[in-house]
Amino acid sequence: MAHVLRRHLRDLHSLGPANNDHLAALRVAVSVAVPSLALLVFGRPDLIIYAVFGALTGMYGRSEPHQLRLTHQAQAALVLLSGVGVGIFLSVNHLHSWWLVGVEAVLAGVGSVFSDRVNLKPNGPFFGILALGACASVPTTIPWFAALLIAAASAAFSIAIGFGGWVRGRQWQPGAVRSAAPLSGLRRQAAAVHAARYVLAVGTAGSIGVLSGSGHPHWAMAAAAVPLAGADLPSSVHRGLHRMVGTFLGLVLVAVVLLPVPWAPLTFFPGAEAAVLALLVIAFQFTTELFMTRHYGLAMVSFTPVILLMTQLAAPADPYVLITERAVETVVGAVVGILVIVLVRRRAVRLQPRS
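Each value, and the rule that gives it
Residues numbered from 1 in each chain as written. Predicted model: local features only at pLDDT ≥ 70, side-chain atom pairs only at ≥ 80, totals over all residues. Heavy atoms only, no water. Helix = DSSP H or I, 4+ residues; strand = E, 2+ residues; numbered from the N terminus. Buried < 20%, exposed > 50% of the residue type's maximum accessible area, 1.4 Å probe, protein only. Contact = heavy atoms within 4.5 Å. Areas by Shrake-Rupley, 256 points an atom, 1.4 Å probe, with all protein chains shown as cover. Expected span 1.5 Å × (residues − 1). Bend = angle between axes of the 7 residues up to and from the residue. Patch = residues over 30% accessible without salt bridge, like charges linked within 9 Å, V, L, I, M, F, W, Y side chains within 5 Å. Salt bridge = Lys/Arg side-chain N within 4 Å of Asp/Glu carboxyl O. Phe/Tyr/Trp six-rings, centres within 6.5 Å; stacked < 30°, edge-to-face > 60°. Lys NZ or Arg CZ within 6 Å of the ring centre and 35° of its normal.

K.L.:
It is not clear to me how the overall build of the protein should be interpreted in this structure. Could you clarify?
P.N.:
Along the backbone of the protein there are 14 helices and zero strands. Across the protein, helices and strands are ordered from the amino to the carboxyl terminus as α-α-α-α-α-α-α-α-α-α-α-α-α-α. When burial is assessed residue by residue, the protein has 52% of its 355 residues classed as buried. Partitioning the contacts of the protein with sequence separation of at least 6, the portion at a separation of at least 24 is 81%. On the protein, roughly 15,400 Å² of surface is accessible, and the fraction owed to carbon and sulfur atoms is 70%.

Shown next as structure tokens:
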């Protein structure tokens, strides 16, 4: 076990091969930037959280031909908008604490089955349940349908950006579909066990968060889902460790930005703090996607500020509490996710077809 752990720690220093990552990162950055800057111009930076979660649609299908990427991103948009919509519903009706834990755990299981069925890449329902928890944790200051419309419009814009390159070649293959075998027989059993693990891990992590008095139990639930996207135990441990280390380093960046110290960047832009935070969200989302497939830990270094800064725009909180709870909830969630994988095994059946 110690040997395996050392190998995973060594992997923290290795970087995967590049694969036109800058193009995918640029697409996602533009998808985030345009609706976010529009909301900033209209004086509503608190609504950027909905635009960002819609724009995360652009993270899917990054290496696929335009025709298949269109289908892939439409499927991803369904997951993301479902999370946003359920989160808004919980927020509007002031359903927090145990309601949030129960609903998010169930949606994690449903999202797992859907993800396995359509072969989503990135794997699993992580971004959908992250959107649910984040949107449920902030007050909805506009009509619910308007908040959902912002996310939907952002997702549609993201899909348009992802499909825009087709205009150059205009090649279309009639009948081409994404490779996703039906869930039947052993694959159905494996998918059911996988979904059960999501429900158990997300529900357990969220329960610990609620019982501990955390104001952000959804962070533990999201962190618990990260290891479950691994294909086996080693890859799950790998993702869990990268999640924790990347989050801690990302929190250092958040501390530099948010903590009220004389050298903080926000002190140099009095009256424009919201604009600075919005621009940082866009920049950090670009670097997140730049490293997402090459080094998950480095991606988390950037993605942690994305989540916390846009949360701060939507519902300002004490940065010391924000940073501390994020660190604690990440460790709790990642450990719970790994333990569930160890305790609840599934048969070695490929849930995803070979690419």
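K.L.:
Just checking my understanding: could you explain the environment of A76 for this structure?
P.N.:
Along the chain, A76 falls in helix α4 (residues 66–92). Separated by 39 residues in sequence, A76 and S115 have C-alpha atoms that sit 8.7 Å apart. Ignoring sequence-local partners within four residues, the contact set of A76 consists of Y60 and L120.

K.L.:
Just to check I follow, could you spell out helix α13 (residues 296–314) for this structure?
P.N.:
Owing to its 3.6 residues per turn, the α-helix brings residues three or four apart onto one side. Here α13 is 19 residues long and its end C-alpha atoms lie 26 Å apart, about the 27 Å a rise of 1.5 Å per residue gives. The sharpest bend along α13 comes to roughly 30 degrees, located at S302, with the proline P305 sitting one to four residues further on. Of all the 19 residues making up α13, 18 are buried; the element is thus mostly covered by neighbouring parts of the structure.

K.L.:
Mind showing me how you'd approach a nonpolar patch on the surface here?
P.N.:
A grouping of L233, F248, V331, V335, L339, V342 and L343 is seen on the molecular surface, where their side chains present a nonpolar patch of about 560 Å² in accessible area. For the nonpolar patch, the secondary structure elements donating two or more residues are α11 (233–258) and α14 (319–343). Within the secondary structure layout, F248 lies in helix α11.

K.L.:
Help me understand helix α5 (residues 98–118) in this model?
P.N.:
If you check α5, its first and last C-alpha atoms are 30 Å apart, about what 21 residues at 1.5 Å a residue would give, namely 30 Å. For α5, the full list of buried residues reads L100, V101, E104, A105, A108, G109, G111, S112, S115, D116 and V118. Contact partners of the buried residues in α5: α4, α6 (126–137), α9 (186–211) and α10 (217–225). At the exit of α5 stands N119, carrying a positive phi of roughly 65 degrees.

K.L.:
Help me understand the packing of aromatic side chains in this model?
P.N.:
Ring pairs (aromatic) are described by centroid distance and by the angle formed between their planes. Inspection of every chain in the model, using the stated rule, returns four aromatic pairs. A ring pair is formed by F126 and F127, whose centres lie 4.9 Å apart and whose planes are at 75 degrees; its orientation type is edge-to-face. On the basis of relative accessible area, F126 is assigned to the buried category, the value being 7%. For the pair W144 and F145, a centre-to-centre distance of 5.9 Å together with 85 degrees between the ring planes defines the contact as edge-to-face. In textbook terms, an aromatic cluster arises when at least three aromatic residues are bridged by ring pairs, as seen for Y60, F126, F127 and F303. Positioned over the ring face of Y296 is R239, at 4.4 Å from the centre of the ring. R326 extends its terminal NZ or CZ atom over the ring of W219, reaching a point 5.3 Å from the ring centre.

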